[in-house]
Amino acid sequence: MQNAKSHEIFNRALELMPGGVNSPARAFGGVGGEPTVFAKGRGAYLYDVDGNRYIDYVLSWGPMILGHCDPRVTSALVEATCAGTSFGAPTAAENRLAELIIDIVPSIEMTRLVNSGTEATMSAIRLARGYTGRDKIVKFIGCYHGHVDSLLVAAGSAAATLAIPNSPGVTAGTAADTLLAHYNDVEAVTELFEQYGEQIAGVIVEPVAGNMGCVPGSVEFLTALRELTKRYGSILIFDEVMSGFRVARGGAQDYYGITPDLTTLGKIVGGGLPVGAYGGRADIMRSVAPSGKVYQAGTLSGNPLATAAGIATLEAIQSDPTFYVKIERATTRLTDGVSAQARELGVKLSASSVGGMATFFFLGEQDDQVVDWRSADRCRRDLFAKFFWNLHSQGVYLPCSQFETLFTSVLHDDAVIDTTLEATRKALQNL
């Protein structure tokens, strides 16, 4: 594929922005080379500035579950734009989006709209501390919850790709009240509660981890978190920024049948626009200002464009009773197909998936699957990079890191998956 225009634009970006990007996950640090510069998206496809077409498995890192430029979303955005892009005041659309969130997500009785997933997790952490009067938060190594100072410790995703386990600028004091445990390790988190239980305000966890690759939480692990937090009077926070509305209609909590106290949302909840939300039990949420004393605010929170896109997306999902059957079919056909190809070709690969999330792990010598950051970190990054670039040359666009999750949309039909599988076979043969 010719990428002359991408190269020119990225070189200019290097002079204007750190690393030439506005988010480290876009920098191709995990695969080498230069990022592709895109011009438009339609359905299951992206088109770069050089005119090349790609089957898109990044989907703006998750939110484009209807595919790119869904006419229901674009029509809602045009209408909202013509009425005014921001008022800094209440609108009826805020109510409608809140109603949809409360109706769809099992644990949410009240919600607050914010501008990003990072804002949502930051606010939920503050709320857990304010509600309980305690300081300590438990997080899990390899789970990423946005660039919140107290949570940017042993993070996965881009931080892991760039070999930055802790970010400069995060003070020791800020991180002092963050307790770390290994994901899917019941014994480790139980020991933390036995030692610090009366000081723990809450536990934040991705029930389906998406930032060390797609790594599902085990039922045993998530059930233990629910039992421990109840026993010690702590708040259980499910970070469903990635898994919300994607692994099942009501998110991972619906999929697992486990009810957290607070939930953070992003990505799909805004239909691809910058938006997030956090919500949960009404008694906890009433601690947020102006009802309570836990302060959180945002000029553009619940703005007309974000709410319009979010409403259109969630209503589209609700209107199709087979929606998640289609999403899961696409993901399963892809992962089963690649797994079969890898076995046939003698490539040591594990395909992990839940709903519309998946990752192909090129396993290290001692692993048969990935269950936490330790096993993810042993994966063959070099093989993933070769796999990525081979698919890229064939018009298939994967996340640019072994530790990121790929996503499917409702428009990734059998024809799209079949074309992808033709490309993956060639990519595995060329490893």
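Going by the structure above, here's the rest.
A quick note: this is a predicted structure, and the numbers were derived from the prediction, not measured.

A. Representation of the overall build of the protein in the model. Each helix and strand in the protein was counted, giving 15 helices and 16 strands. Taken against the 2.2 N^0.38 rule, which gives 22 Å for 431 residues, the C-alpha radius of gyration of the protein at 21 Å falls within 12% of a compact globule. Considering only C-alpha atoms, the protein reaches an extent of 55 × 55 × 45 Å along its principal axes. The buried share of the protein, taken over its 431 residues, is 57%. Sequence-distant contacts in the protein: of pairs separated by 6 or more residues, those separated by 24 or more amount to 73%. Accessible surface computed for the protein: about 17,500 Å², of which carbon and sulfur atoms make up 51%.

B. View of the packing of aromatic side chains. Counted according to the given criterion, the structure contains 15 aromatic pairs. An angle of 65° between the planes, with centres 6.2 Å apart, marks the rings of Tyr54 and Tyr397 as edge-to-face. Taken together, the positions of Tyr54 in strand β3 (residues 53-56) and Tyr397 in strand β15 (residues 396-397) put the pair 343 residues apart, joining distant regions of the chain. Neither Tyr54 nor Tyr397 differs from the other in exposure class; each is buried. Measuring from centroid to centroid gives 6.5 Å for Phe140 and Tyr183, while their planes differ by 75°, and the two rings are edge-to-face. Placement of the pair is Phe140 in strand β5 (residues 136-141) and Tyr183 in the loop between β6 (178-182) and α7 (186-196), with a sequence separation of 43 residues. A relative accessible area of 0% means that Phe140 is categorised as buried. Note on Tyr183: relative accessible area 1%, which makes it buried. Among the aromatic residues, ring-to-ring pairing joins Phe28, Phe388 and Trp389 into one connected group. One cation-aromatic arrangement involves Lys40 over Tyr47; the distance from NZ or CZ to the ring centre is 5.1 Å. Directly above the ring of Tyr45 sits Arg53, whose terminal nitrogen or CZ lies 4.0 Å from the centroid.

Parameters at a glance
Residues numbered from 1 in each chain as written. Predicted model: local features only at pLDDT ≥ 70, side-chain atom pairs only at ≥ 80, totals over all residues. Heavy atoms only, no water. Helix = DSSP H or I, 4+ residues; strand = E, 2+ residues; numbered from the N terminus. Rg over C-alpha atoms; globule rule 2.2 N^0.38 Å. Buried < 20%, exposed > 50% of the residue type's maximum accessible area, 1.4 Å probe, protein only. Contact = heavy atoms within 4.5 Å. Areas by Shrake-Rupley, 256 points an atom, 1.4 Å probe, with all protein chains shown as cover. Phe/Tyr/Trp six-rings, centres within 6.5 Å; stacked < 30°, edge-to-face > 60°. Lys NZ or Arg CZ within 6 Å of the ring centre and 35° of its normal.

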